[in-house]
Amino acid sequence: MKHYQRLEGMVAATFTPMDARGDINLSVIDKYADLMAESGMAGVFVCGTTGESHSLTTGERKAILAQWIKSARKRFKVIAHVGSNCQLEAMELARHAQEVEADAFAAMAPCFFKPSSVKDLVDFFTPIAQSAPDLPFYYYHIPAFNGAFLSMVAFLEAVDGRIPNFAGIKYTFESMYEYNQCRLYKGGKFDMLHGQDETILPCLAMGGAQGGIGGTTNYNGVNLVGIIEAWKAGYLEKARELQNFSQEVINVICHFRGNIVGGKRIMKLIGLDLGKNRTPFQNMTDDEEVRMKAELEAIHFFDRCNKF
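The following refers to the structure shown. The structure presented is a predicted model; accordingly, all values stated were derived computationally and were not measured.

A separate point is the nonpolar core. Membership of the largest hydrophobic core comes to 89 residues, with the highest contact counts inside it found for Trp-68, Tyr-139, Phe-155, Phe-166 and Phe-301. Broken down by element, the residue count for this core peaks at 7 residues, all from helix H4 (residues 118-130). One finds Val-11, Ile-79, Ala-104 and Ile-142 within the second-largest nonpolar core, a separate group that totals 14 residues.

Note on placement: Gln-67 falls in helix H2 (residues 58-72). When the C-alpha positions of Gln-67 and Gly-211 are compared, they lie 24 Å apart, and in sequence the two are 144 residues distant. Setting aside residues up to four positions removed in sequence, Gln-67 forms contacts with Leu-26, Ile-29 and Asp-30.

Across residues other than glycine, the phi torsion is negative in most instances, and most of the peptide bonds are trans. Here the bond from Thr-279 into Pro-280 is cis, since omega is 15°, no more than 30 degrees from zero. The backbone of Glu-52 sits at a positive phi, close to 55°, despite the residue not being glycine. Mapped onto the elements of the fold, Glu-52 is located in the loop between strand S2 (43-46) and H2. Its relative accessible area of 4% is what places Glu-52 among the buried residues. Residues other than glycine seldom take positive phi values, yet Lys-186 does so here, at roughly 50°. Relative to the assigned elements, Lys-186 resides in the loop between helix H7 (176-184) and strand S7 (191-194). With relative accessibility at 57%, the residue Lys-186 sits in the exposed group.

It is worth spelling out the packing of H4 against helix H6 (residues 152-159) at this point. Between H4 and H6, whose axes approach to 9 Å, the crossing angle comes to 50°. Taken together, the axis directions place H4 and H6 in an arrangement best described as oblique. Between H4 and H6 the crossing geometry is right-handed. Every residue of H6 that contacts H4 at Val-118, Leu-121 and Val-122 is listed here: Met-152, Ala-154, Phe-155, Ala-158 and Val-159. Its residues placed into classes, the contact of H4 with H6 shows 8 nonpolar, no polar and no charged.

The rules we used
Residues numbered from 1 in each chain as written. Predicted model: local features only at pLDDT ≥ 70, side-chain atom pairs only at ≥ 80, totals over all residues. Heavy atoms only, no water. Core = buried A, V, L, I, M, F, W, Y, C linked by side-chain atoms within 4.5 Å. Buried < 20%, exposed > 50% of the residue type's maximum accessible area, 1.4 Å probe, protein only. Helix = DSSP H or I, 4+ residues; strand = E, 2+ residues; numbered from the N terminus. Contact = heavy atoms within 4.5 Å. Axes fitted to C-alpha atoms, helices over the stretch in contact; angles between N-to-C directions. Parallel < 35°, antiparallel > 145°, perpendicular 65-115°, else oblique. Left-handed = near helix turned anticlockwise from the far one by under 90°. Nonpolar A, V, L, I, M, F, W, Y, C, P; charged D, E, K, R; others polar.

Take a look at the structure:
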């Protein structure tokens, strides 16, 4: 197995910018990248769940990744999500990620013909990981979306030694017990990236979450970075306050169809219009935007959020 530098800090799972016609809008990514850099992001996770990857064509996903790498200008890492229901498509996206010099790549399990065992999962990902052998590969565990409710400890045992560039797991699930068991596997052999912004602090308390990838980091990243910094400095009460505030922000977006819909509209409210979501998502109405803004103002979000 190859050894890679652990990812530390917060990584933003980016939205996919759209124009008024619903086409991808690459022109705003330069400004988007500036916001991520100024908000202290360690990286971006491109074309994942937040980025509506399964609603994009292969060509669109390649173009978006290439633009992010150009716009990042080495200020932060760029991680490509290449997951697809089609293994061959994922392999093509992995090869492209290596060609354009992404820093790492990841893939979630297929969500239609679902893997029924850990062996199925490893068999599916082995050729995908081999398609970009020079880059670290992460499995993106998000069973609530794709139904791949498989043991991640068993997955680590099965993948260990089989995929040379396997680096770890982007763990987006509620089981902090399983997350910690994966973190402890063989003395912390693999990088366990925490994927839920609402529970960074308890994972830090268990010894994990040195690196996290989440969607609310796009607009609330300064507070999420602050949780890690406060914990490292020994300021537990400050870390608790920041975690509780971050949960308040999540409570608001849950009133407006979650981060993919509500969160994307928050980007407009802080000065970066990324357009609407593709179907089947139901976009927010103007009235809902007014109500969401009022809820955010009530918790003083705009005094504390990411800013240009």
